[in-house]
Amino acid sequence: PPLYMQRYQFVIDYVQAYRPRKVIDLGCAECRLLKKLKFHRNGIQLLVGVDINSVVLLKRMHALAPLVSDYLQPSDGPLTIELYQGSVTEREPCTRGFDLVTCVELIEHLELEDVESFSDVVFGYMAPGAVIVSTPNAEFNPLLPGLKGFRDCDHKFEWTRDEFQTWAHRVCREYGYSVQFTGVGEALGPWRDVGFCTQIGVFQRNFDGINWSMSNAERLEPSVYKLLYKVVY
Ligand code: SAM
């Protein structure tokens, strides 16, 4: 399967294993991951997508609407899906209290100083139970035919494994998380040492000290992000 599908599948497998109830996808673009998560629900009750670009969000959001079959076979309890236009560098009250935050190929689109705000917003303010971050592994680039420079002209940087891991370990120290590294897209034979094509960090919050409280607490109203779409199954 293509690399982007492998990244989505990685998240789906995680959801299957850990059963988060509230999942938020940052930089969700055309909502492809959300659509897959809606299909493989595994007990998800709240599914939220955020992107700074409302044009890409609006393009495909109707793919999230309930299908006739969703009504014919009422599945595992109620599901709410919401899409917001907003930036991951800003603190938004309604993004707190999630079990899982996913950031698939997002951080490399941020300027480095915005990565700092992103870290503070996601790990310090949203403080979810877990965070999955994927980003290109620059060490793999020589294996990509014809590639000069970055993999996408909108990328502001592409990190080596060491650079990604240095950032991740610092985030863990500052905000109380633990991280494990993995990836998708493996190099073969003599190239094995370069690591995965896409590197992935899976972060887990260390203590449940302040628990933004998983399903019981009132959810705060959005005050910074703009709600573009909402559907309740
Ligand atoms: N996650 C999607 C996927 O894997 O299919 C697509 C990721 S796309 C490569 C990066 C997305 O991040 C774009 O849709 C872009 O609009 C969004 N983005 C860039 N800066 C952002 C920001 N500050 N806040 C929220 N989204 C942002």
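Residues numbered from 1 in each chain as written. Predicted model: local features only at pLDDT ≥ 70, side-chain atom pairs only at ≥ 80, totals over all residues.

> Please give an account of helix 5 (residues 112-126) that cites residues and values.
In this model, helix 5 (15 residues) spans 20 Å end to end at C-alpha, consistent with the 21 Å of a helix rising 1.5 Å per residue. Structurally, helix 5 contributes buried residues whose contacts are with strand 4 (100-104), strand 5 (130-136), helix 6 (161-175) and strand 6 (177-184). (Helix = DSSP H or I, 4+ residues; strand = E, 2+ residues; numbered from the N terminus. Expected span 1.5 Å × (residues − 1). Contact = placed C-beta atoms within 7 Å.)

> Tell me about the site of the ligand, and name the residues and values.
Surrounding the ligand, one finds 19 residues, the nearest of these being Gly-27, Ala-29, Ile-52, Asn-53 and Val-104. The set of elements that each furnish at least two residues to the shell around the ligand consists of helix 2 (32-39) and strand 2 (46-51). Here the shell around the ligand is built from residues that sort into eleven nonpolar, five polar and three charged. (Near = placed C-beta within 6 Å. Nonpolar A, V, L, I, M, F, W, Y, C, P; charged D, E, K, R; others polar.)

> Kindly report on unusual backbone geometry, identifying the contributing residues and their values.
With a phi close to 50°, Glu-105 is a non-glycine residue in the positive phi region. Classification of Glu-105 as partly exposed rests on a count of 19 C-beta atoms within 10 Å. A positive phi angle, near 45°, is found at Ala-127, a position not held by glycine. Positionally, Ala-127 belongs in the loop between helix 5 and strand 5. (Buried ≥ 20, exposed ≤ 12 C-beta atoms within 10 Å, placed from the backbone.)

> Mind laying out the environment of Cys-103, listing which residues take part and the relevant values?
Topologically, Cys-103 is positioned in strand 4. Sequence spacing of Cys-103 and Asp-25 is 78 residues, and the spatial spacing of their C-alpha atoms is 6.1 Å. When residues no more than four places from it in sequence are discounted, the contact partners of Cys-103 are Leu-26, Gly-27, Ile-132 and Val-133.

> Can you explain the environment of Arg-192? Please cite residues and give values.
Mapped onto the elements, Arg-192 comes out in the loop between strand 6 and strand 7 (198-205). Arg-192 gets classed as exposed once you count the C-beta atoms within 10 Å, which come to 9.

> Tell me about the pairing of strand 1 (residues 22-26), and name the residues and values.
Where burial is concerned, most of strand 1 is hidden: five out of the five residues are buried. The alternating pattern of strand 1 places Lys-22, Ile-24 and Leu-26 on one face and Val-23 and Asp-25 on the opposite face, and all of these are buried. Judged from the five bridges that link them, strand 1 and strand 2 form a sheet pairing that is parallel. Of the residues in strand 2, the one forming a bridge with Leu-26 is Val-50. (Pairing = 2+ DSSP bridges.)

> Describe the nonpolar core, listing the residues and the values that go with them.
Counting residues in each nonpolar core, the largest one holds 49 residues, and the members touching the most others are Val-23, Leu-26, Val-101, Cys-103 and Val-122. With six residues, helix 5 is the single largest residue contributor to this core. In this structure Val-23 touches Val-15, Leu-37, Ile-44, Leu-47, Phe-98, Asp-99, Leu-100 and Thr-102, once residues within four positions along its chain are discounted. (Core = buried A, V, L, I, M, F, W, Y, C linked by C-beta atoms within 7 Å.)

> How would you explain helix 2 if you had to name every residue and give the values?
When helix 2 is considered as a whole, its buried residues turn out to be Leu-33, Leu-34, Leu-37 and Lys-38. Down the axis, helix 2 shows its buried residues gathered within 140° of arc, on one side only. On its buried side, helix 2 packs onto helix 1 (3-18), strand 1, strand 2, strand 3 (80-85) and strand 4. (Arc of directions from axis to C-beta.)

> An account of the environment of Leu-83 is needed here, citing residue identities and associated values.
Secondary-structure assignment places Leu-83 in strand 3. In this structure the C-alpha to C-alpha distance between Leu-83 and Cys-31, which are 52 residues apart in sequence, comes to 8.9 Å. Those residues in contact with Leu-83, other than ones at most four positions away along the chain, are Cys-31, Gly-49, Leu-57, Met-61, Leu-228 and Tyr-229.

> How would you explain the sheet that holds strand 4 if you had to name every residue and give the values?
If you trace the eight strands from one edge of the open sheet to the other, you get 6-7-5-4-1-2-3-8, paired in mixed fashion. In this open sheet, the two strands that pair with only one neighbour each are strand 6 and strand 8 (226-232). Going across the sheet, the axis of each strand differs from the next one's by a mean of 15°, ignoring polarity. Along the sheet, helix 2 contacts strand 1, strand 2, strand 3 and strand 4; its crossing angle with strand 2, the most-contacted strand, is approximately 175°. (Axes fitted to C-alpha atoms, helices over the stretch in contact; angles between N-to-C directions.)

> Give me the lowdown on the packing of helix 1 against helix 2, citing residues and values where you can.
The angle between the axes and the distance between the axes are what describe a pair of packed helices. One can describe the packing of helix 1 onto helix 2 by two numbers: an axis separation of 10 Å at closest approach and a directional angle of 35°. Considering only the axes of helix 1 and helix 2, their crossing is right-handed. On the side of helix 1, the interface is formed by Tyr-8, Val-11, Ile-12 and Val-15, while helix 2 contributes Arg-32, Leu-33, Lys-36 and Leu-37. Partitioning the contact of helix 1 with helix 2 into residue classes produces six nonpolar, no polar and two charged. (Left-handed = near helix turned anticlockwise from the far one by under 90°.)

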